[in-house]
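As a plain string of letters, each chain reads:
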Amino acid sequence: MYKKQAPELNFTSGRRYVTSSTTGMMRLNSKHYNKALAFTIKERQLLGIHGLLPPVVRTVEEQVRIYYAQLVSLGQDLAKYLFLLNLSECNEVLFYKLLDAYTEKCLPYVYTPTVGLACQRYSYIQEFPRGLYITFKDKGHVCNVLQNWPESDIRVIVVTDGGRILGLGDLGANGMGISVGKITLYTAFGKVRPHQCLPICLDVGCNTDSVREEPYYMGLKRKRPPVDEYDEFIDEFMQAVVKRFGQNCLIQFEDFANNDAFRFLEKYRYQYCMFNDDIQGTAAVGMAGIISALKCIGTDLKSQRILFQGAGEAAIGLAQLLIIAFEKAGVKKDEALNCIFMRDSKGLIVKERLADTLSDNKLIFAKEMPFIFKLEDCIREIKPTILVGASAQAGSFTKEVLRLMTSFNDVPIIFALSNPTAKSECTAFEAYTNTKGKCLFASGSPFPPVEFEGHTRYTSQANNAYIFPGIGLGATACCIRYIPSEIFLIAARTLADFCTPEDYAQGRLYPPLTKLSCCAFEIAISVITYAHINNLSTVLPRPTNVRTFLKHQIYDAKYEPVVPPWLNPNLNQNEKIRDNCID
């Protein structure tokens, strides 16, 4: 007697429902199942949608080329952002196929720098319910609001309160655009299944008058609450996430104001599975660039002096990660601190400025030396080997600053990490021109290649997309308890190892953006391995083959057949579901 086996689960498809439960019209109207002109004639007939589509049948590759041609024909960046946003709501698979095929061309329009412009205009362009809005008025009922999200298997949350969107300041509820953009990259490159990702905006008000008083502003038209009430609200949110989605749901904090970001990171980092991308993600990608630059020069970290222009989340996050790297290299913490200098809007951070009430995060980097205000004078005194811009002050790396760096270093390392592009400390052209082509340069925003003295220098974008998708994939795959700081150093080293001698010869400090998915996968492997070694993984038993285990966790953007292979009588006999003989 023979008994049919149940169909094998397809772990890489991302399918969420039983195939037979979705009708033809449901498929056409669902972003998860719509194939548009890729439905075969037989599928159209079986689903009862024959005649509702033109007779032509196209492959997904043809669809990708057609939609890319439409994208490049659009003139304005915001129009391209909206085009891609609409595609993601109509045909999910095609959207991610397009991102995969044309990563370098599409990334600027779903993420930085265009996402900054989109956030500024979000009250005018918001059309689809892309995420969950939880307002301060929901205080006491946050868990009920989370219950309204239709998916229960949420593995990754990107949450913002819009307090400091890129370098644009407090945008309130318009900050949802950042959460949506980050979540998109979790699926595009981290391959976390889209239905397992949730963007959230915590609308607690907005302190920017021009934003809050905009006639069509879609958020709460009130100022932000006192700190104690605000913290109670965030506490309730964190507890509600665990209650609704479980302790292992990863919560990525995004674009909170500086003081709030550091406070919540210290408060929650060992209590929840969470991290702050502005502090830790930016630190990891910056660290990877420094590792690559030092490889190019042929020197080590011990001999470096690093000067930061800016002392916010990104700068302090990278400085803290540098201390960990120094200690791993055998340098004591006190000696490491002596190699790191910071300058904020009031000048060099020194101990005589204590009367100015420096925050605790800055105090650790205060130096016992005379106060210096101008950046140029700081460079003359400190003679840094690495200059890192994270100030959101456009043009602060002046011609004089860049030439001074060249006068003290054969190969100056210059990072202008602020974004969007309008906030960058300098452009790639300015960096290469004013250092006579000697510098190793990276920026937070994308810049075109620069022709200098007959050589093409490809600019390196220190894009957080190199880091957080892999961190998220690894953390969710192994259900990590919490995320230690050392993981970000491991991620940075993994990313830097992707650079080839050819990349270095072209001036790249990061691998091409076309390798983002590969980078995410390898970073995830490193995260899982670290979690297992340090008993942070809650997945038991531990997988014997981590790579195979991870491959079964990832999303594969592909069209599913209407008739599952195991029900298709036209398949080869060897491809059918095998019968299981029982006694």
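Rules behind the numbers
Residues numbered from 1 in each chain as written. Predicted model: local features only at pLDDT ≥ 70, side-chain atom pairs only at ≥ 80, totals over all residues. Heavy atoms only, no water. Helix = DSSP H or I, 4+ residues; strand = E, 2+ residues; numbered from the N terminus. Rg over C-alpha atoms; globule rule 2.2 N^0.38 Å. Buried < 20%, exposed > 50% of the residue type's maximum accessible area, 1.4 Å probe, protein only. Contact = heavy atoms within 4.5 Å. Areas by Shrake-Rupley, 256 points an atom, 1.4 Å probe, with all protein chains shown as cover. Lys, Arg positive; Asp, Glu negative; His and termini not counted. Charge placed at Lys NZ, Arg CZ, Asp CG, Glu CD. UniProt positions renumbered as here; feature names shortened; annotations may be inferred. Pairing = 2+ DSSP bridges. Axes fitted to C-alpha atoms, helices over the stretch in contact; angles between N-to-C directions. Disulfide = S-S within 2.5 Å. Arc of directions from axis to C-beta.

**Quick look at the overall build of the protein chain**
Here's step 1: Helix and strand counts for the protein chain stand at 25 helices and 16 strands.
Here's step 2: For 583 residues, the compact-globule estimate of 2.2 N^0.38 gives 25 Å, and the protein chain sits close to it at 25 Å.
Here's step 3: Overall, the C-alpha framework of the protein chain stretches about 85 × 60 × 55 Å when taken along its three principal axes.
Here's step 4: Within the span of the protein chain, comprising 583 residues, buried residues form 57% of the whole.
Here's step 5: Long-range pairs, those at least 24 residues apart, make up 71% of the contacts in the protein chain between residues at least 6 apart in sequence.
Here's step 6: Of the roughly 25,000 Å² that the protein chain leaves accessible, carbon and sulfur atoms contribute 51%.
Here's step 7: Positive and negative side-chain charges of the protein chain, numbering 64 and 60 respectively, have mean locations separated by a distance of 4 Å.

**Quick notes on the UniProt feature "binding site: a divalent metal cation" (unreviewed entry) in the protein chain**
Here's step 1: UniProt marks Glu-254, Asp-255 and Asp-278 with the feature "binding site: a divalent metal cation" (unreviewed entry), using the numbering shown here. The greatest C-alpha distance among the annotated residues, which extend across 25 residues, is 6.6 Å, indicating that they converge on a single site.
Here's step 2: Setting aside residues no more than four positions away along its own chain, Asp-255 makes contact with Thr-160, Asp-161, Gly-162, Gly-163, Arg-164, Ile-165, Leu-166, Ile-178 and Asp-278.
Here's step 3: For Asp-278, the position within the fold is in helix 14 (residues 277-297).
Here's step 4: On the accessibility criterion, Asp-278 (8% relative accessible area) is buried.
Here's step 5: Sequence-distant contacts of Asp-278, defined by excluding residues within four places in its chain, comprise Arg-164, Phe-253, Glu-254, Asp-255, Phe-256, Glu-313 and Ala-314.

**Structural notes on the sheet that holds strand 2 (residues 132-135)**
Here's step 1: Taken together, 5 strands build an open sheet; the order of strands is 2-4-3-5-6 and the sheet is parallel. With one partner strand each, in any of the chains shown, strand 2 and strand 6 (274-276) form the two edges of the open sheet. Sheet twist, expressed as the mean angle between neighbouring strand axes with direction ignored, is 25°.
Here's step 2: Two elements, strand 3 (residues 156-160) and strand 5 (residues 250-253), share 4 bridges in a ladder whose sense is parallel. Across the sheet, Ile-157 pairs through a bridge with Ile-251, a residue of strand 5.

**With respect to the environment of Ala-428**
Here's step 1: Along the chain, Ala-428 turns up in helix 20 (residues 428-434).
Here's step 2: Linking Ala-428 and Asn-174, residues 254 residues apart in sequence, is a C-alpha distance of 30 Å.
Here's step 3: If near-sequence neighbours (up to four positions away) are discounted, Ala-428 is found in contact with Phe-441, Phe-447, Val-450 and Thr-459.

**A few points about the state of the cysteines**
Simply put, disulfide is the name for a covalent bond between the sulfur atoms of two cysteines.
Here's step 1: Using the criterion set out here, one finds 0 disulfides in the structure.
Here's step 2: Lacking any disulfide linkage, Cys-479 is separated from the closest cysteine sulfur, that of Cys-478, by 7.0 Å.
Here's step 3: Judged by relative accessible area, which is 23%, Cys-479 ranks as partly exposed.

**Considerations on helix 18 (residues 375-382)**
Side chains three or four residues apart in an α-helix point the same way, a direct result of the helix having 3.6 residues per turn.
Here's step 1: All of the buried residues in helix 18 are Leu-375, Glu-376, Cys-378, Ile-379 and Ile-382. An end-on view of helix 18 places all buried positions within 160° of arc, on one side of the element.
Here's step 2: Along its buried surface, helix 18 packs onto strand 7 (306-309), strand 8 (340-344), strand 9 (347-348), strand 10 (386-389) and helix 19 (399-408).
Here's step 3: Backbone geometry just downstream of helix 18 places Lys-383 in the positive-phi region, at approximately 55°.

**Some words on unusual backbone geometry**
Here's step 1: Along the chain, Thr-112 connects to Pro-113 via a cis peptide bond; the corresponding omega equals 5°.
Here's step 2: Within the secondary structure, Pro-113 sits in the loop between helix 6 (103-110) and helix 7 (114-120).
Here's step 3: A cis amide bond links Leu-540 with the next residue in sequence, Pro-541, at an omega value of -5°.
Here's step 4: Note on placement: Pro-541 falls in the loop between helix 24 (516-533) and helix 25 (546-551).
Here's step 5: Positive phi values are uncommon outside glycine, yet Ala-36 reaches one of about 55°.
Here's step 6: Along the chain, the position of Ala-36 falls in the loop between helix 1 (24-29) and helix 2 (41-47).

**Side note on helix 6**
Here's step 1: Burial within helix 6 is extensive, with 6 of its 8 residues counted as buried.
Here's step 2: Of all the positions in helix 6, only Thr-103, Cys-106, Leu-107, Pro-108, Tyr-109 and Val-110 are classed as buried.
Here's step 3: Looking at the buried residues of helix 6, the elements they touch are helix 3 (60-73), helix 4 (77-90), helix 5 (92-101), helix 7, helix 10 (176-188) and helix 24.

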